[in-house]
Amino acid sequence: MQRFMRRSLLSQLLSVYLLFVLAVLIGGVIVNVVVEEQLSNDARSSDQALAQEIAVQSSLQLRDVEHSLVNLGVVLAHDTSDAARSQTLENFKSARSDVDNVYWLDSVGALQLSWPPASRAVIGSEFSPDDIVQRARAVNGAVFEAGMAVESTTRAGMIIAQSVRSPDGRLVGIVAANLSLLELSEPIKTVVQAQQKDHRHLMISVIDNQGVLIATPDSSRILETVLDELPGGQEALQGQPTSQLAPGTDGQDWLFSAVPVPGAGWAVVVQRPAAEALALVGQFHLWLLSAAMLFALGGLFFWLTLLTRVIRPLHSLAIQHQSLPTSEQSIPADATMLSRRYDEVGDLARSLIRLEHDGLAKLGELRTLLETSNAVVRSFEPQAVVRKIIREVRRLVDVQAAAVLLPDEQQVLHVLVSDGHSADYDDSLALPPENISSSAVQALNSGKPVQKLLSAEQVVPSLSYDEGFRVVLAIPIISRHAGGVVLLVHRTEPHLFDQNEIDLLLTFANYATLAWEHAVLYERSDERLQEVARENERLYQQASEEKQRLEAIMGSMSDGLVLMGIDGTVLFANQGASLLTGLPVEELEQHSIHVLYAALRIRALDPARCDPLLDMADSTEATELVFEIRQSDQRRAIHLRLFDVNDEAGQTIGRGLLLRDVTRERELDEFKTTLLGAVGHELRTPLAAIKGHASTLLQEDVSWTFDDQRHFLQTISTEADRLAQLVSNLLDLSRQEAGLLLLNRVSVSVKELTAKATEQLSHPGVRILVHLPDDLSLVYVDRARIEVVFHNLISNACVYGDGEITIGAEERAGEVVVSISNNGPGIALDELSHVFERFYRARHGRQQRSGGTGLGLTICKAFVEAHGSKIWAESNPGGGATIAFSLPVLQPEPEIVSLGAITAKLPVEEWSI
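Worth saying up front: this structure is predicted, and the values here are computed from it rather than measured.

**Digging into the overall build of the chain**
And step 1. Along the backbone of the chain there are 26 helices and 28 strands.
And step 2. Among the 913 residues that make up the chain, the fraction classed as buried is 40%.
And step 3. Across the chain, every contact between residues at least 6 apart in sequence was considered, and the portion connecting residues at least 24 apart equals 55%.
And step 4. Accessible surface computed for the chain: about 51300 Å², of which carbon and sulfur atoms make up 55%.

Next up, the structure:
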């Protein structure tokens, strides 16, 4: 089966198509699920938004009535007569169309005044319901209750009562109002009617904390208990917005969306038929099914067309052209018919037919080349080989004449061998090197083939044109030992040679070159001896140049090199020795070695320690010494190495002195020692933890619980991660110093980097204040490494601060500058230049309680500078320290800022860790 799949193009394409169809079906299912969920969420969000708007409007209306009652109570408390209070109540009722009745009660809840005047209730009687009076007396704010007031009315209302107190807190009275629930339902009724005009079914209900319906378009149901009829209402009364599908009173599925009314303890429920709310989902399913049907029909048509128009013709061509035909008559008729098509299959058929013709021609050419090659190998007679090549050239290429031209001692070209030319042409042809108009001379001078069209109008007469030729092609045959000759071919028709013909002629010219050089080398074997002599001379010259080059290398060495004789006289000193000793080369050469030692003694940091070392070097007691000198106000360590210079017999003919500046190597050794100590100290704690917990788990006499085992394994994993992070930081630091740190830049916000860094820290009692502008541009950085920078700097601020860290950022000239400040003792001025050095730990702060290698700020500096940015440290004037760094901005775009936005305050976020 596998073999059939590999050999059948149709099966391969069908497999790919089926995989594509499978991928499309899976994608369609995923899209269906995602879009269905999105459309459903959109419908729920729309209804919840409508319910939220009505809830906010109802809350505002209640707050307005409550505020009005408070003002009314203040006025009534200052009125001294019932007439004035009655007038105040009348004015309040006139101003509030949504209030049916307004009442003034005394401090015990007895009715004193009402407007409109009560027709049945007696002034001085107890206000009903009495529980609202008790609630109003107990609290300072307004209280609500749905129902009828003491005044007899047929309109349902919401009773709102507000206690009125004197400045000293004494209860003066209670003001109450009967809010019309019909007025409260008017906005809801308007919304529902507008939906009905668009042929949409919608129902909106407002219920109080008892589940009583207090606002609805159906005024006949007001004050009914409908909590069981409104799924989700109970959750909304508890302050949780909800949206769910549930059966309605008509038995059909409805979408219920409920939200709480802020500050009132009520809930708003919006309901609509599920079929109407989710109509877009059904339309999307119909569209997806139609697309699948169209895709299936299109695929079937595509495969039928592919089979009949492509696969079967290709199969036929593949069978018919499995081998080259023996002649043109054997080309199959089907291939000829397919070649008449104008599409790609026709192009392929025509290409195969042309390939067959070209293949037969190439086979003939290769056969001819093989015969010519055999003739070249078998013969040492150049003229015989050239005649063979000329005959084959005339047979394979459309030329009527060919000749080989050979230069004489004066470099004049004459005919060596000719075929197709007259005897007069062979005898009279002579082309001197000054005849630059000749194609043969041009080809010999340039080393490239040259062809020309001959005509009667040319300035210089042409012997080839007089012979009846109209095109001439000259091919140079350049031989290293036998000189250069030219293969000249002529054509009577006035059309130039194409590239294939030129390439074939070049191949024959190469054979002619091989034959000509073979014969000439056979006749002039002594030239090889002369060549060997010239080669020896060249090698001698090369050895001399190598000696001079070696002297130049020794002179340009940065290390000091001194060669001296047996008697201690300096024979050679390079520029490196001059720089280390401070003496010119002329003052060192041809002088005693003690001059060099005296110069080193003058520059030594500790002459008392240097003198014994130089004495040992002078007495040949030591071969390697190290001492320190001062050069350009810098401390340099010099390694002095003495060695003997021997001749080929092993006899000592002098001594050598090599002076190397090993300051860098010593610094690296010190760095390695410090690094090993610091890393060893850092590795000891996690390794001890890993070893201890692993040994504990391996104890066979103790049975650990699953939680204990998980705790031990979690500790081992954490400590291993700590070791891995330490190694990773050291490797990144080494790569950055070597210029090999690769950055994977992405666009990211500074706020996201700050949030992630603070989440990973665990310093109790530390408060972090973040001041980041909302319009801060994205930065284009290696996110992983900049997260390390944020983590290290915030951790450093926690260690050296005093419980408070401030993180800020601002945009400057195409960069985002981030600053991290602490309120600790700060950084001394003499320490500011050292805080980013390896293993440096500040003297202040809580470092005695913190671990670390002292590489945190060094790694921060390396990562920031790898982005082409800067990092610096400052000591705050009021105490504490600030470390700031810049990050490149991702493609900043110009932004128009209004004058009012300039003075806007930045948002402040406070995080505690």
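Further notes follow.
**Side note on the nonpolar core**
And step 1. Formed by 47 residues in total, the largest nonpolar core has its most connected members in L793, I794, I805 and F885.
And step 2. The leading source of residues in this core is helix α24 (residues 783-800), at 8 residues.
And step 3. Other than its neighbours up to four places away in sequence, I805 contacts V766, R767, I768, L769, I794, A797, C798, I820 and S821.
And step 4. The next biggest cluster of nonpolar side chains, apart from the first, holds 41 residues, and it includes F92, M158, I222 and W266.

**Section: the environment of N822**
And step 1. Checked against the element boundaries, N822 lands in strand β25 (residues 815-822).
And step 2. You can call N822 buried: its relative accessible area is 9%.
And step 3. In this structure, the C-alpha to C-alpha distance between N822 and Y800, residues 22 residues apart in sequence, is 7.4 Å.
And step 4. Contacts of N822, omitting those with residues within four sequence positions, involve A797, Y800, G801, E804, N876, G879, G880 and A881.
And step 5. A distance of 3.0 Å separates a polar atom in the side chain of N822 from the backbone nitrogen of G824.

**Observations regarding the packing of aromatic side chains**
What characterises a pair of aromatic rings is the spacing of the ring centres plus the angle enclosed by the ring planes.
And step 1. For the structure on display, the rule yields 3 aromatic pairs.
And step 2. When the ring of F20 is compared with that of F295, the centres are 6.0 Å apart and the planes differ by 45 degrees; the resulting orientation is tilted. Of this pair, F20 sits in helix α2 (residues 9-78) while F295 sits in helix α8 (residues 279-320), and the two are 275 residues apart along the sequence.
And step 3. With 5.2 Å between their ring centres and 85 degrees between their planes, W704 and F712 make a pair best called edge-to-face.
And step 4. Residue F712 is classed as buried on the basis of its relative accessible area, which comes to 12%.
And step 5. Geometry around F497 places R491 over its ring, the cationic atom sitting 4.0 Å from the centre.

**Digging into the confidence of the model for the chain**
And step 1. Mean pLDDT over the chain: 78, with 81% of residues reaching 70 or higher.
And step 2. Contacts of residues 845-850 to residues separated by more than four positions or lying in other chains number 14 contacts, the stretch itself having pLDDT below 50.
And step 3. In the predicted structure, residues 895-913 sits below a pLDDT of 50 and forms 33 contacts with residues beyond four places in sequence or in another chain.

**Thoughts on the sheet that holds strand β19 (residues 634-646)**
And step 1. Pairing within the open sheet is antiparallel, and its 5 strands lie in the order β17-β16-β20-β19-β18. Of all the strands in the sheet, the pair left with one neighbour each is β17 (570-573) and β18 (624-631). Going from strand to strand, the sheet's axes swing by 25 degrees on average, the running direction of each strand aside.
And step 2. Pairing geometry for strand β16 (residues 560-564) and strand β20 (residues 652-661), over 5 bridges, is antiparallel. In the strand pairing of β20, M564 is matched with R655.
And step 3. Across the sheet, helix α19 (residues 593-603) lies against β16, β17, β18, β19 and β20, angled at about 55 degrees from β18, the strand it touches most.
And step 4. Packing against the sheet, helix α20 (residues 607-618) makes contact with β18, β19 and β20, and its axis sits at approximately 135 degrees to β18.

How each quantity is defined
- Residues numbered from 1 in each chain as written.
- Predicted model: local features only at pLDDT ≥ 70, side-chain atom pairs only at ≥ 80, totals over all residues.
- Heavy atoms only, no water.
- Helix = DSSP H or I, 4+ residues; strand = E, 2+ residues; numbered from the N terminus.
- Buried < 20%, exposed > 50% of the residue type's maximum accessible area, 1.4 Å probe, protein only.
- Contact = heavy atoms within 4.5 Å.
- Areas by Shrake-Rupley, 256 points an atom, 1.4 Å probe, with all protein chains shown as cover.
- Core = buried A, V, L, I, M, F, W, Y, C linked by side-chain atoms within 4.5 Å.
- Polar contact = N/O pair within 3.5 Å; in protein donor to acceptor, adjacent residues only side chain to side chain.
- Phe/Tyr/Trp six-rings, centres within 6.5 Å; stacked < 30°, edge-to-face > 60°.
- Lys NZ or Arg CZ within 6 Å of the ring centre and 35° of its normal.
- pLDDT = per-residue confidence, 0-100.
- Pairing = 2+ DSSP bridges.
- Axes fitted to C-alpha atoms, helices over the stretch in contact; angles between N-to-C directions.

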